[in-house]
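The residues making up each chain are set out below.
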Amino acid sequence: MNILIAGGTGYIGSHICVELLESGHDVVVIDDFSNSKPDVLESIYKITGKHVKFYEFNVLDEEKTESVFKENKLDAVIHCCAFKAVGESVQKPIEYYTNNLMTTLVVAKMMKKYHVPSIVFSSSATVYGDPEVVPLTEDCKLGVTTNPYGATKAMMERILTDVQFANPEMSVTLLRYFNPIGAHESGLIGENPKGIPNNLMPYIMKVATGELPELGVFGDDYDTPDGTGVRDYIHVVDLAKGHVLAIEKYNTPGVHICNLGTGKGYSVLDIVHAFERVNGIKIPYVIKPRRPGDIATCYADPTRAKEQLGWVAEKNLDDMCRDTWNFAKKQLL
């Protein structure tokens with residue numbers, strides 16, 4: 001298939017590119033490098049021996065986006081060009097609502113106009129809000145989102161669901177991610193955000209390399225075993241493989257919803273201690289106040305992914321920590 005990845009040089013998008021190329025698909029990418037670097041394209045080539053067809057701009061540019069749909073006979077779209085940091089979204093709600101909602105509307109409009117039948121959307125467990133019960137299944141009701149990032153994901157899901165209802169021949173897949181971490185085992189691609197990271201593992205990585213002096217742990221008074229937030233951390237390569245299966249198997253008309261997680265919850269300090277143990281590096285940290293919008297505990301019930309996609313997370317927490325540090329060391333060279 002010929003698949004467009006909106007946001008394909010970002011952390012998750014680049015790993016999806018690799019897995020799609022290695023599965024024999026052709027890949028077209030739109031990205032503006034707002035949270036990635038051009039050398040990612042060369043890294044994808046080094047890993048796979050294949051090039052993606054690349055366009056540099058923001059999907060918000062409707063005219064340029066339409067030109068991509070015109071020039072390429074696309075079979076499917078993977079939409080992962082949203083801004084994605086919970087804390088930052090609280091500080092920059094206008095930017096988050098503008099980028100995340102408008103890119104979705106532009107993509108949906110072009111899919112309808114150019115008869116592209118299938119989309120896989122990078123959604124998030126944040127759409128469940130502060131969960132009443134865990135683990136979370138796809139049948140759990142959507143909660144009141146606790147931050148603008150989560151609100152945009154819920155709205156993007158609603159937009160695509162309504163578009164599918166109006167265009168019954170379409171396949172819309174909503175993949176609800178839990179917490180992707182890790183990097184490709186080659187160390188050539190991984191998460192390396194610009195500025196001070198908003199997510200845990202890249203923050204740990206920058207402390208480990210000496211770029212930042214210490215890790216900020218936001219809150220140690222949650223109702224969890226050690227007081228720090230508990231999340232379902234999933235290796236980004238496992239997550240990317242889930243997209244390949246979703247593209248290949250969720251191709252019948254309708255709205256398909258699937259959690260991608262491991263089913264296990266780890267606290268912030270669990271991750272810190274695992275990173276220290278696996279890599280032999282001390283990570284100094286300081287407890288800070290809770291961040292607005294954060295919740296105590298969130299992890300998945302991944303049963304549906306196993307039953308419908310044949311997908312099970314294969315990599316463990318040690319793999320996630322080891323691969324992150326391998327990637328970090330290569331950035332220092």
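Cut-off values and rules
Residues numbered from 1 in each chain as written. Predicted model: local features only at pLDDT ≥ 70, side-chain atom pairs only at ≥ 80, totals over all residues. Heavy atoms only, no water. UniProt positions renumbered as here; feature names shortened; annotations may be inferred. Helix = DSSP H or I, 4+ residues; strand = E, 2+ residues; numbered from the N terminus. Phe/Tyr/Trp six-rings, centres within 6.5 Å; stacked < 30°, edge-to-face > 60°. Buried < 20%, exposed > 50% of the residue type's maximum accessible area, 1.4 Å probe, protein only. Core = buried A, V, L, I, M, F, W, Y, C linked by side-chain atoms within 4.5 Å. Contact = heavy atoms within 4.5 Å. Axes fitted to C-alpha atoms, helices over the stretch in contact; angles between N-to-C directions. Parallel < 35°, antiparallel > 145°, perpendicular 65-115°, else oblique. Left-handed = near helix turned anticlockwise from the far one by under 90°. Nonpolar A, V, L, I, M, F, W, Y, C, P; charged D, E, K, R; others polar. Salt bridge = Lys/Arg side-chain N within 4 Å of Asp/Glu carboxyl O. Pairing = 2+ DSSP bridges.

Visitor: Quick one: what's the story with the UniProt feature "domain: NAD-dependent epimerase/dehydratase" (unreviewed entry) in the protein chain, residue by residue and with numbers?
Guide: The feature "domain: NAD-dependent epimerase/dehydratase" (unreviewed entry), as given by UniProt, occupies residues 3-261 in the numbering adopted here. With 39% helix and 20% strand, residues 3-261 has end C-alpha atoms that lie 24 Å from one another.

Visitor: So what about the packing of aromatic side chains? Which residues, and what values?
Guide: Across all of its chains, the model carries four aromatic pairs by this definition. Taking the centre distance of 6.3 Å and the plane angle of 35° together, the rings of phenylalanine 69 and tyrosine 114 count as tilted. Placement of the pair is phenylalanine 69 in helix 3 (residues 62-71) and tyrosine 114 in the loop between helix 5 (93-113) and strand 5 (118-124), with a sequence separation of 45 residues. With a relative accessible area of 4%, phenylalanine 69 lands in the buried category.

Visitor: Which residues make up the nonpolar core, and what values go with them?
Guide: One finds Ile5, Ile16, Leu20, Val27 and Ile78 to be the most contacted residues of the largest nonpolar core, which totals 36 residues. Leaving out residues up to four positions away in the same chain, isoleucine 16 has contacts with Ile5, Ile78, Cys80, Tyr177, Ala240 and His243. The next biggest cluster of nonpolar side chains, apart from the first, holds 29 residues, and it includes Val28, Phe121, Ile159 and Met170.

Visitor: I'd like to hear about the packing of helix 7 (residues 200-208) against helix 11 (residues 317-332), residue by residue, with values.
Guide: When two helices pack together, their arrangement is given by the angle between the helix axes and by the axis-to-axis distance. Contact pair helix 7 / helix 11: the axes reach a minimum separation of 10 Å and the direction vectors enclose 50°. In terms of their interaxial angle, helix 7 and helix 11 are classed as oblique. With respect to the hand of their crossing, helix 7 and helix 11 are arranged in right-handed fashion. Across from Met201, Met205 and Ala208 in helix 7, the residues of helix 11 making contact are Met320, Cys321, Thr324, Trp325, Phe327 and Ala328. Within the contact of helix 7 with helix 11, the residues separate by chemical class into eight nonpolar, one polar and no charged.

Visitor: Tell me about helix 7, and please be specific about residues and values.
Guide: Two residues of an α-helix separated by three or four positions point the same way, owing to the 3.6 residues in each turn. Within helix 7, nine of the nine residues are buried, leaving the element largely enclosed by the surrounding structure. Turning to helix 7, its buried residues are Leu200, Met201, Pro202, Tyr203, Ile204, Met205, Lys206, Val207 and Ala208. Backbone geometry just after helix 7 places glycine 210 at a positive phi near 90°.

Visitor: Requested: an account of the pattern of salt bridges, with residues and values cited.
Guide: One pass over the structure, following the stated rule, counts 15 salt bridges. Across the pair glutamate 62 and lysine 109 runs a salt bridge, and its minimum N-O distance is 2.6 Å. Here lysine 109 lies in helix 5 and glutamate 62 lies in helix 3, a separation of 47 residues in the sequence. Here arginine 277 ties to aspartate 318 by a salt bridge, and the two come within 2.7 Å at their closest N and O atoms.

Visitor: Mind laying out the sheet that holds strand 2 (residues 26-31), listing which residues take part and the relevant values?
Guide: Strand order in the open sheet made by the seven strands is 3-2-1-4-5-6-11, with parallel pairing throughout. Every other strand in the sheet has two partners, leaving strand 3 (53-56) and strand 11 (254-260) as the edge strands with one partner each. Sheet twist, expressed as the average angle between the axes of neighbouring strands with direction ignored, equals 15°. Looking at chain direction, strand 2 and strand 3 are connected through four bridges and run parallel. Considered in strand 3, the bridge of aspartate 31 is made with glutamate 56.

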